[in-house]
4 protein chains.
Amino acid sequence: MSGNTFGKLFCVTSFGESHGPAIGCVVDGCPPGLALSEADIQPDLDRRKPGTSKYVTQRKEADQVEILSGVFEGRTTGTPIALLIRNTDQRSYDYEKIKQVFRPNHADYAYVQKYGIRDHRGGGRSSARETAVRVAAGAIAKKYLHEKFGTVIRGCVEQVGGIRCATADWSVVNDNPFFCADPARVPELEALIDALRSEGDSIGAKLYVEATRVPPGLGEPVFDRLDADLAHALMSINAVKGVEIGDGMRVVEMRGTEHRDELSPEGFLANHSGGITGGISSGQTIYARYAIKPTSSITTPGRSIDEAGQGTDMRTTGRHDPCVGLRATPIGEAMMALVLMDHWLRHRGQNADVTVAPSRIPGEVP
Amino acid sequence: MSGNTFGKLFCVTSFGESHGPAIGCVVDGCPPGLALSEADIQPDLDRRKPGTSKYVTQRKEADQVEILSGVFEGRTTGTPIALLIRNTDQRSYDYEKIKQVFRPNHADYAYVQKYGIRDHRGGGRSSARETAVRVAAGAIAKKYLHEKFGTVIRGCVEQVGGIRCATADWSVVNDNPFFCADPARVPELEALIDALRSEGDSIGAKLYVEATRVPPGLGEPVFDRLDADLAHALMSINAVKGVEIGDGMRVVEMRGTEHRDELSPEGFLANHSGGITGGISSGQTIYARYAIKPTSSITTPGRSIDEAGQGTDMRTTGRHDPCVGLRATPIGEAMMALVLMDHWLRHRGQNADVTVAPSRIPGEVP
Amino acid sequence: MSGNTFGKLFCVTSFGESHGPAIGCVVDGCPPGLALSEADIQPDLDRRKPGTSKYVTQRKEADQVEILSGVFEGRTTGTPIALLIRNTDQRSYDYEKIKQVFRPNHADYAYVQKYGIRDHRGGGRSSARETAVRVAAGAIAKKYLHEKFGTVIRGCVEQVGGIRCATADWSVVNDNPFFCADPARVPELEALIDALRSEGDSIGAKLYVEATRVPPGLGEPVFDRLDADLAHALMSINAVKGVEIGDGMRVVEMRGTEHRDELSPEGFLANHSGGITGGISSGQTIYARYAIKPTSSITTPGRSIDEAGQGTDMRTTGRHDPCVGLRATPIGEAMMALVLMDHWLRHRGQNADVTVAPSRIPGEVP
Amino acid sequence: MSGNTFGKLFCVTSFGESHGPAIGCVVDGCPPGLALSEADIQPDLDRRKPGTSKYVTQRKEADQVEILSGVFEGRTTGTPIALLIRNTDQRSYDYEKIKQVFRPNHADYAYVQKYGIRDHRGGGRSSARETAVRVAAGAIAKKYLHEKFGTVIRGCVEQVGGIRCATADWSVVNDNPFFCADPARVPELEALIDALRSEGDSIGAKLYVEATRVPPGLGEPVFDRLDADLAHALMSINAVKGVEIGDGMRVVEMRGTEHRDELSPEGFLANHSGGITGGISSGQTIYARYAIKPTSSITTPGRSIDEAGQGTDMRTTGRHDPCVGLRATPIGEAMMALVLMDHWLRHRGQNADVTVAPSRIPGEVP
């Protein structure tokens, strides 16, 4: 494949540029019979969409999704589901001035090296705008997994710069623009983002995502391990520079006696592994973290060059997020949903003959 | 694919169990005309192989590779290259006692959940023994990339438990059993491993891998970004729980003014991004880090259950590494080589029409 | 993949039902820099579209294509090209009466067996309407190959029922509704189709397609041979039941002395192999034939059953082609273009290091 | 993939040259729990192997298969099954004289065009020797399908040159070297082959293959239709130039009233479609035919050129089949088994939620 398709059996093929007529995707492989309409997809799109608070980019996009195929009389038919989102607020003129200039740490330079040409309007294909279609496709996977297994996939922000947020109260995550589960931190986050805007700077963030009630057995050793595909999925999100499964980087300083998850007849006694052993889901909660770099589009001037290789100072104007991480929580949830969905279909395809003995212990930690 | 093939154009299909007759792989897609013999592959296999020092598992394996196809009169022909490594030191009886028991934090439990059956001898397919074939396949990619671009791929250990190793002197990396580039730390590492063995415990490690002289333009947005495929590749190595590209998890606390890599007519002024922007190689050095969990096979007894779900205490005997990370450096190098090789062929396939303008700045940091 | 994507590097992912809101596809992997607009695609769509003569279905579809992405300032950017065609003339009520009945030799029964549900309106996904997007995607491949190599891909009808048409005059192929290169046969074809309509019956057809000026070296032994992928491509067209490469089925009665294509310093002395040996293009003209079954949708009543398994007599009304083969010529051209395009990119990816010696003989037969 | 892997979930990756040390394959995706040993594979290999009668090539190969992985205590484990067949009778010196010459209608010329290099010994990778591994892999699929559904896959010769063989008596197919089910024709075939040998010529053949008791629902519209993948599979066999499903090329002259398979409460009333409608299995017997060209390796001299482009007359010596079709029956069976197996797993992966209503009619024709 040429890089724009994700998944082997549950396949999402994405298309569209930030300032083109539309973005969208084709979801191929969705099992038939799932009740589905735009109303199942729109809520997650609305959680991700820009312009919802003063803390994110002010670009105004309705992000209204249209289902073009694959659904008949309210149910999926097993044929490809095409999703279309028209772009409505493209101010290309904002980008005329950077037409010949490479923005520091943007995809500009690499795209020209690769393709010899680039759509400079808002980053074109490299824009985070593309992630809207991941969220739309992920919503379908989320719904299937929830109806089939009761799987719940959810995420929140864990850290923004030096501010650490506890996973204290899931009920408030969607009540603030930061997907913060720690109400006491919200005012601090507001102050930080305000300060960054006035300073013309940006900041990184660390996000957490988990999936509960995941059937055991998902993941294909050795290369398509569930954790490897999760790492692929999360690292494919714009600006992500690090991915952790379970204890993540912390394992470097851990002892085997501390890290290993012991078992008892009542279930696992710990979940340091993040619900995945040998690349296969154990039935425990799967959880991961991903680090998002500070937005490169800032108003503080930086040294750069133009397409002729001449030096220049540049200042990115236009509408940007001081912290792209703030809107990335629904994207991480979507990517985890796509990975689990694909692996469920792959697992079932190869192993549906297997009957799991009743003596198996419960996966979830008591 | 069913999980044992890596790559789209440069495809490695791996097979074999820890205690079966053999392990090996088929490398499909290697360009024709590359001078190749077992002598090009054996050195990396020897770097990874067990039993070379008292600090790693004492299993004795010659890890002698045989090329079965794809090479004619000393050159690759463009047809599949099959590599075979016979297992020579399988002491299956070591494993009889764990036949019905799930070892904590091993793949045992998950494998039975998935397949309803498992080869319990040394972990079967889930054993790190499988990584030998990755190293063998990676050696082919390494050689091609070096001859074509002068690319050098190398790695070293950065941390073991609390011991941090500087990347001080690449010339000594292969002179100690830890792949440590910091001679002063070697005695400390020796002491740590000795202590762990006597305590019946194990420890985690963080490894570093880099590739210099990588052509710009490698990576397929949006899902098959070069960094996403690197994360997939490194996370697919046994026991890896975290992957970082460039600044990695550190970006969480960084400012945009600090992190963005500025450009000048003489080249990039920094490389926080790890040589990848927008998922595409920039021409700078590509570097990544991966965290490996402490070995789960330790002699300190732990709580577990048997296949009937009954509780039991268990103690893993057999021959194990107190720190699996110690032998994982060549594996990380191999996986990076496989990713770069595959993306070079994919990039060339789609974009060979593109001519890079002479005005392009040098990618490497001056 | 889940069946709706064609190609490995030049990937076409198709979506849409006959009577849904739209059909379309995503073309991923098109090299950057190709001049492209709707005007390059529309002509082939118009050649295939229904309602253009009284000899084909009277459904009226503008088949107007819209490019949604992947093209910037008139050139492809190397990112996915999404093509959208809105359905405009869906008379679903025509199909209400067959809602519970399986039409003989249609996909109805098999779709319900597979998916447990079907979009009965005009066959939904199984309708030949889907082939419009293949023609649209194929037009892009055709243009690239023509600009790069001067490749010309063209087809014509060779036989309809008992009427055999010579490949006499390519210049008239598009001047009649049958894609017939044998002007003298056109009146006979007109009479045959008129007769079939009044009799409520249909007829089969054999089509020919060729590609001239194809570079040698395309095709990936052993499974993805160029001829194997061509057979896959042509057999994937609705109603095709047979595919021939070169001499095709005729080889059964041929001698080696007769069939083998001898070589001379001036070039090949014959082309019985259809331009492909060992699964690889030889540089000669590639040609193939495909047989299309008679339309199953005929007004002569036939025995069938309903979804409850009860017997019934049924008569297909609605708007249909007495010979679906009549509109299938552009589809065969498109599929051949997609196969050659994909294999060109794959070949270049693996083998671009190879320099072809100047001593090579010309591929084309003098 | 690079052309040597077949299948999406049940994946066979083939390797090996005619005169290299070995040939073999990796079968990835086989469901766990299948009883399997070399004894299940060897019989089909023996049916295909050379040197068994004076009517085929006299090369003597034991074709002894060794299972290297994926089987534990007599059952498949769900991990890759590697199969190895050592070459034992390579007389490379036979080929020294053709080292610089392109044999007419062989892969020689095209391979050099593609790879710039070729293993000239017996055709290297392009040799029919490679098909032995297909037969080995197919035997695994055959066994699974037979145990799961009672599926029987079998083939026979239908025509050799002008001699037509009826499918009269399946019980005698393996009792003669031609896989002929028409005992009366055997002496004629013997006489024909004897005559061809003395004349230094060869002949083509048409083979028939069928699968009974195939579950309905297999096949992935639109591109991976079951018939399209069957065409791909059969056309990928060396020397095949035509493939027919059901009525095949005959449909060109058929009427809809004649060809459509009507249905009754007792089942289908005919099977012109070959058990596949809309690209999906209907539950009826699946059958196909494939035409194999006359062997190009004949002792009658022919015009050719050498690598320098100079004209020369050449005469192929060495050990060859006067009719390669004679040994191709087990290969066709194997390819059909691989296609059905892969599609069963793919179908189950996406559609296992679907419950087929009891009212469904039996697929098989009464």
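Please read these numbers as outputs of a predicted model, since none were measured by experiment.

Novice: What is the right way to look at the relation of the copies chain A and chain B in this model?
Specialist: Copy one and copy two of the chain differ by a rotation about a common axis and a shift along it. The transformation that overlays chain A on chain B combines an axial shift of 0.0 Å with a rotation of 180°, and the residual RMSD is 0.0 Å. Seen this way, the second copy is the image of the first under a two-fold rotation axis. Every residue of chain A has its C-alpha some distance from the rotation axis, and the shortest such distance is that of A:H232, at 2.3 Å. Mapped onto chain B, 100% of the interface residues of chain A again fall at the interface, so both copies present the same surface.

Novice: Help me understand the packing of aromatic side chains, please; the structure alone is not making it clear to me.
Specialist: Aromatic rings considered in pairs are described by the distance between their centres and by the relative angle of their planes. Taken as a whole, this structure holds 30 aromatic pairs over all chains when the rule is applied. Relative to D:F268, the ring of C:Y109 has its centre 5.4 Å away and its plane inclined at 85°; by these criteria the two rings are edge-to-face. Of this pair, C:Y109 sits in helix α3 (residues 108-115) while D:F268 sits in strand β13 (residues 267-268), which puts the two residues in different chains. Like D:F268, C:Y109 is buried. Linked through ring pairs, A:F102, A:Y109 and B:F268 together constitute an aromatic cluster.

Novice: Would you explain helix α6 (residues 226-235) of chain B in this entry?
Specialist: Counting along an α-helix, one turn takes 3.6 residues, and residues three or four places apart therefore face a common direction. Burial analysis of α6(B) places 10 of its 10 residues in the buried class, which makes it a mostly covered element. Those residues of α6(B) not exposed but buried are B:L226, B:D227, B:A228, B:D229, B:L230, B:A231, B:H232, B:A233, B:L234 and B:M235.

Novice: How should I be thinking about the interface of chain D and chain C in this particular structure?
Specialist: Buried accessible area, meaning the area lost when the parts come together, often serves as the stated size of an interface. In this assembly, 111 residues from chain D lie in contact with 111 residues from chain C. Overall, the association of chain D and chain C removes approximately 9500 Å² of surface from exposure, summing both partners, and the carbon and sulfur fraction of that is 57%. Among the residues chain D hides against chain C, the three largest losses belong to D:K114, D:F223 and D:K241. Together they make up 10% of the total. Remark: the boundary between chain D and chain C carries 10 salt bridges.

Novice: Mind showing me how you'd approach the interface of chain A and chain B here?
Specialist: The interface of chain A with chain B comprises 111 residues on the first partner and 111 residues on the second. For the pairing of chain A and chain B, the buried interface totals around 9400 Å² over both sides, and the portion due to carbon and sulfur atoms is 58%. Of all residues in chain A, the largest losses of buried area upon contact with chain B belong to A:K114, A:F223 and A:K241, amounting jointly to 10% of the total for that side. Remark: the boundary between chain A and chain B carries 10 salt bridges. Here B:E199 and A:R255 are joined by a salt bridge, their closest N and O atoms 2.8 Å apart. One can count 55 residue pairs in polar contact (both at pLDDT 80 or more) joining chain A with chain B. It is helix α2 (residues 108-115) of chain A that contributes the most residues to the side of chain A that touches chain B, 7 residues altogether. Taken together, the residues of the side of chain A that touches chain B sort by class into 45 nonpolar, 40 polar and 26 charged. Bridge analysis of strand β11 (residues 240-245) of chain A against strand β11 (residues 240-245) of chain B gives 3 bridges, and the strand direction is antiparallel. If you follow A:E244 over to β11(B), its bridge partner there is B:G242.

Novice: So what exactly am I meant to see when it comes to the environment of C:R86 here?
Specialist: Here C:R86 is to be found in strand β7 (residues 81-86). Among the polar contacts made by the side chain of C:R86, one reaches the side chain of A:E66 at a distance of 3.1 Å.

Novice: I'm lost on the layout of surface pockets in this one. Help?
Specialist: To find leftover empty space, a probe the size of one water molecule is rolled over the atoms. Estimated volume of the largest pocket: approximately 600 Å³. Lining the largest pocket are 23 residues, and of these A:E244, A:M249, A:R250, B:E244 and B:M249 sit closest to its centre. Class assignment for the residues of the lining of the largest pocket results in 4 nonpolar, 4 polar and 15 charged. In this model, the second largest pocket occupies a volume close to 460 Å³. Here the residues of the lining of the second largest pocket are counted per class, giving 4 nonpolar, 3 polar and 12 charged.

Novice: Would you mind going over the UniProt feature "binding site: NADP(+)" (unreviewed entry) in chain A with me for this structure?
Specialist: Residues and elements named next belong to chain A. UniProt records the feature "binding site: NADP(+)" (unreviewed entry) at R48 and K54, using the numbering of this structure. With respect to the helices, strands and loops of the structure, K54 is situated in the loop between α1 (38-48) and β4 (65-67). The residues contacting K54, other than those within four sequence positions of it, are D194 and R197.

Novice: Even after reading the chapter, I still don't get the side chain of A:H232, so can you show me in this structure?
Specialist: Its location among the elements puts A:H232 in helix α5 (residues 226-235). When its relative accessible area of 9% is taken as the criterion, A:H232 is described as buried. When sequence neighbours within four positions are dropped, the list of residues in contact with A:H232 reads B:F223, B:D224, B:A228, B:D229 and B:H232.

Novice: Got a minute to help me understand the relation of the copies chain D and chain C in this structure?
Specialist: When chain D is fitted to chain C, the best match, at an RMSD of 0.0 Å, comes from turning it 180° and sliding it 0.0 Å along the axis. Interface overlap between copies: 100% of the residues of chain D at the interface are likewise at the interface in chain C, consistent with a symmetric, same-surface contact.

Novice: Just checking my understanding: could you explain unusual backbone geometry for this structure?
Specialist: For residues other than glycine, phi is negative in most cases, and the peptide bonds are mostly trans. Omega for the peptide link from B:P221 to B:V222 comes to 5°, which places this bond in the cis form. With respect to the helices, strands and loops of the structure, B:V222 is situated in the loop between β10 (205-212) and α6. Positive phi is not limited to glycine here, since D:A239 has a value of about 75°. Along the chain, D:A239 falls in the loop between α6 (226-235) and β11 (240-245).

Novice: Which parts of the structure should I look at to understand the pairing of strand β10 (residues 205-212) of chain D?
Specialist: Moving residue by residue along a regular strand, the side chains alternate between the two faces of the sheet. Residues and elements named next belong to chain D. Counting buried positions over the 8 residues of β10 gives 8, a clear majority of the element. Residues A205, L207, V209 and A211 line one face of β10 and the alternating positions K206, Y208, E210 and T212 line the opposite face, and both faces are buried. Bridge count between strand β8 (residues 152-160) and β10: 8 bridges; the pairing is antiparallel. The residue bridging V157 from the neighbouring strand is L207, located in β10.

Novice: When you look at the sheet that holds strand β9 (residues 163-164) of chain B in this model, what are you seeing that I'm missing?
Specialist: What links the strands of a sheet is backbone hydrogen bonding, and the strands pair in either a parallel or an antiparallel sense. With respect to topology, 10 strands assemble into an open sheet ordered β9(A)-β8(A)-β10(A)-β16(A)-β11(A)-β11(B)-β16(B)-β10(B)-β8(B)-β9(B), the strand pairing being antiparallel. Edge positions in the sheet fall to β9 (163-164) of chain A together with β9 of chain B, since each of these pairs with one other strand and no more.

Novice: I tried to follow the sheet that holds strand β1 (residues 5-6) of chain D on my own but got confused; where do I start?
Specialist: Residues and elements named next belong to chain D. Taken in spatial order, the 5 strands make up an open sheet running β1-β2-β3-β7-β4, and their pairing is antiparallel. Bordering the open sheet on either side are β1 and β4 (65-67), each of which pairs with just one other strand. Pairing analysis gives 6 bridges linking strand β3 (residues 22-28) to strand β7 (residues 81-86), with the strands arranged antiparallel. Its bridge partner being in β7, G24 is matched across the sheet by L84. Each of β2 (11-16), β3 and β7 is contacted by helix α4 (residues 131-149), which is oriented at about 30° to β3, the strand it contacts most.

Novice: Help me understand the UniProt feature "binding site: FMN" (unreviewed entry) in chain A, please; the structure alone is not making it clear to me.
Specialist: All names here are of chain A. What UniProt calls "binding site: FMN" (unreviewed entry) maps, in this numbering, to R125, S126, S127, N238, A239, G278, K293, P294, T295, S296, S297 and R319. With respect to the helices, strands and loops of the structure, G278 is situated in the loop between β14 (276-277) and β15 (280-281). Looking at where T295 falls in the secondary structure, it is placed in the loop between β16 (286-292) and β17 (302-305). On the basis of relative accessible area, T295 is assigned to the buried category, the value being 8%.

Novice: Can you walk me through the side chain of C:D229 in this structure?
Specialist: In this structure, C:D229 sits in helix α6 (residues 226-235). On the accessibility criterion, C:D229 (9% relative accessible area) is buried. Residue contacts for C:D229: discarding those within four places in its chain leaves C:F6, C:D224, C:V339, C:H343, C:R346 and D:H232.

Reading guide: rules and limits
- Residue positions are given per chain, counted from 1 along the sequence in the order it is written.
- Lettering of chains starts at A and numbering of ligands starts at 1, both following the order in which they are written.
- Where local features are concerned, this predicted model is filtered to residues with pLDDT of at least 70; where side-chain atom pairs are given and counted, the filter is 80 or more; whole-chain, interface and lining totals use all residues.
- The side-chain figures draw on all heavy atoms in the structure; neither hydrogens nor water molecules are used.
- Copies are brought into register by a least-squares superposition over C-alpha atoms of residues with pLDDT of at least 70 in both.
- Residue contacts are counted whenever heavy atoms from the two residues lie within 4.5 Å of one another.
- The pairing test for Phe, Tyr and Trp rings, Trp by its six-membered ring, is centres within 6.5 Å, and the orientation test on the planes gives stacked under 30 degrees, edge-to-face over 60, and tilted for anything in between.
- Helix and strand assignments follow DSSP, with helices taken as H or I runs no shorter than four residues and strands as E runs no shorter than two, numbered in order from the N terminus.
- Burial classes: relative accessible area under 20% of the type maximum marks a residue as buried, over 50% as exposed, and values in between as partly exposed (1.4 Å probe, protein chains only).
- Buried area is a sum: the accessible area each of two parts loses on coming together, probed at 1.4 Å, counted once for each and added.
- Throughout this description, the term salt bridge denotes a Lys or Arg side-chain nitrogen within 4 Å of a carboxyl oxygen of Asp or Glu.
- Polar contact is the term for a pair of N or O atoms within 3.5 Å; when the atoms are in protein, one must be able to donate a hydrogen and the other to accept it, and sequence-neighboring residues count only if both atoms are side-chain atoms.
- Under this grouping Gly is polar, as are all residues other than the nonpolar Ala, Val, Leu, Ile, Met, Phe, Trp, Tyr, Cys and Pro and the charged Asp, Glu, Lys and Arg.
- Think of it this way: DSSP has to see at least two bridges between two strands before they count as a pair.
- A cavity here means a set of 1 Å grid points, computed over protein atoms only, where a 1.4 Å probe fits but cannot escape. A pocket is an open set with protein on both sides within 12 Å along at least 5 of 7 lines, and lining residues have an atom within 4 Å of a point.
- Grid points are joined across faces, edges and corners, and a volume is the space filled by probe spheres set on the points.
- UniProt positions are given in the numbering used here, feature names are shortened, and annotations may be inferred rather than shown by experiment.
- Here the axes come from fitting lines to C-alpha atoms, over the contacting stretch only for helices, and the angles between their N-to-C directions go from 0 to 180 degrees.

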